[in-house]
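Summary of structural features
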Amino acid sequence: MFSLVCLLAGAQEYSACSAGQSNTGNFLVKIVVSSKKKLKSSSEDLVKHYAVHAVIFRGLMATDGYGEQKPLVKDGDVEVTQSEFFNAFWNDGVFKRFASLVPSTLSVMKNKQTKMTETSATVMVDKESLLHYLEESHIIQGFSNLW
């Protein structure tokens, strides 16, 4: 089975917390990605990828006075059942259209205890455009399909 992180081979785990929400519906995501191996993508692409992944599939944990955000996709199996769509979405870089790095937030550090590289940043994810794209691609159903 093709791995979701083929583009970002070596990434092991990530955490995503809410860092706020803009008036336009964009999510600010504080993302930390830990990896053991040298990554095949840039640090910026890495944090954007996982920020978008979190918004779609995991949601965002509440932190620092910011509320929890539910994932856009409620069916956890959709990543597998729609693997062709998501392979292209990740590997062709489509996800980059929906994410932008907040300036001066990118940090890459080596954790001496775990021997893992921790890449962190705050990423703005355009939730409304992403939601619309997933609806148009028939990955999730919009409200217009209900009646």
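Residues numbered from 1 in each chain as written. Predicted model: local features only at pLDDT ≥ 70, side-chain atom pairs only at ≥ 80, totals over all residues. Heavy atoms only, no water.

In terms of regular secondary structure, the protein is built from four helices and five strands. Along the chain direction, N to C, the helices and strands of the protein fall in the order β-β-α-α-α-β-β-β-α. Contacts spanning at least 24 positions in sequence make up 65% of the contacts within the protein whose residues lie at least 6 apart. Surface summary for the protein: the accessible area is close to 8500 Å², and the carbon and sulfur share equals 51%. (Helix = DSSP H or I, 4+ residues; strand = E, 2+ residues; numbered from the N terminus. Contact = heavy atoms within 4.5 Å. Areas by Shrake-Rupley, 256 points an atom, 1.4 Å probe, with all protein chains shown as cover.)

Throughout the structure, instances matching the rule amount to eleven aromatic pairs. On the numbers, 4.9 Å between centres and 85° between planes, the contact of Phe-85 with Phe-86 is edge-to-face. The two residues Phe-85 and Phe-86 agree in class, both being buried. A centroid spacing of 6.2 Å and a plane angle of 25° characterise the contact between Phe-89 and Phe-98, whose relative ring orientation is stacked. As far as burial versus exposure is concerned, Phe-89 and Phe-98 are alike and both buried. An aromatic cluster is defined as three or more aromatic residues linked by ring pairs; in this entry it consists of Phe-57, Phe-85, Phe-86, Phe-89, Trp-90, Phe-95, Phe-98 and Tyr-133. (Phe/Tyr/Trp six-rings, centres within 6.5 Å; stacked < 30°, edge-to-face > 60°. Buried < 20%, exposed > 50% of the residue type's maximum accessible area, 1.4 Å probe, protein only.)

As a further point, take the nonpolar core. Within the largest apolar cluster, 36 residues are counted, with the highest numbers of intra-cluster contacts made by Ile-56, Phe-86, Phe-89, Leu-130 and Leu-134. The dominant element in this core, judged by the number of residues it contributes, is helix α1 (residues 43-58), at nine residues. Discounting residues that sit within four places of it in the chain, Phe-86 has contacts with Ile-56, Phe-57, Val-78, Glu-79, Leu-134 and Ile-139. (Core = buried A, V, L, I, M, F, W, Y, C linked by side-chain atoms within 4.5 Å.)

Below, the discussion takes up the packing of α1 against helix α3 (residues 83-91). To characterise two packed helices, one gives the angle between the axes of the helices and the distance between these axes. The N-to-C vectors of α1 and α3 enclose an angle of 150°; their axes lie 11 Å apart at closest approach. One element, α1, and the other, α3, form an angle in the roughly antiparallel class. Facing His-49, Val-52, His-53, Ile-56 and Phe-57 of α1, the residues of α3 in contact are Phe-86, Phe-89 and Trp-90. (Axes fitted to C-alpha atoms, helices over the stretch in contact; angles between N-to-C directions. Parallel < 35°, antiparallel > 145°, perpendicular 65-115°, else oblique.)

We note that Asp-64 has phi near 50°; this positive angle belongs to a residue other than glycine. Relative to the elements of secondary structure, Asp-64 occurs in the loop between α1 and α2 (78-81). With relative accessibility at 69%, the residue Asp-64 sits in the exposed group. In the Ramachandran plot, Ser-104 falls in the positive-phi region, its phi being about 65° despite a non-glycine side chain. Within the fold, Ser-104 resides in the loop between β3 (99-101) and β4 (107-111).

Attention now goes to the pattern of salt bridges. As enumerated under the stated definition, the model contains three salt bridges in all. For Lys-48, the salt bridge is made with Glu-44, and the minimal N-O distance between the two is 3.0 Å. With a gap of four residues between them, Lys-48 and Glu-44 both fall in helix α1, about one helical turn apart. The class of Lys-48 is buried, set by a relative accessible area of 10%. Residue classification places Glu-44 among the partly exposed positions, given a relative accessible area of 33%. Between Glu-128 and Lys-127 there is a salt bridge; the shortest N-O distance is 3.1 Å. (Salt bridge = Lys/Arg side-chain N within 4 Å of Asp/Glu carboxyl O.)

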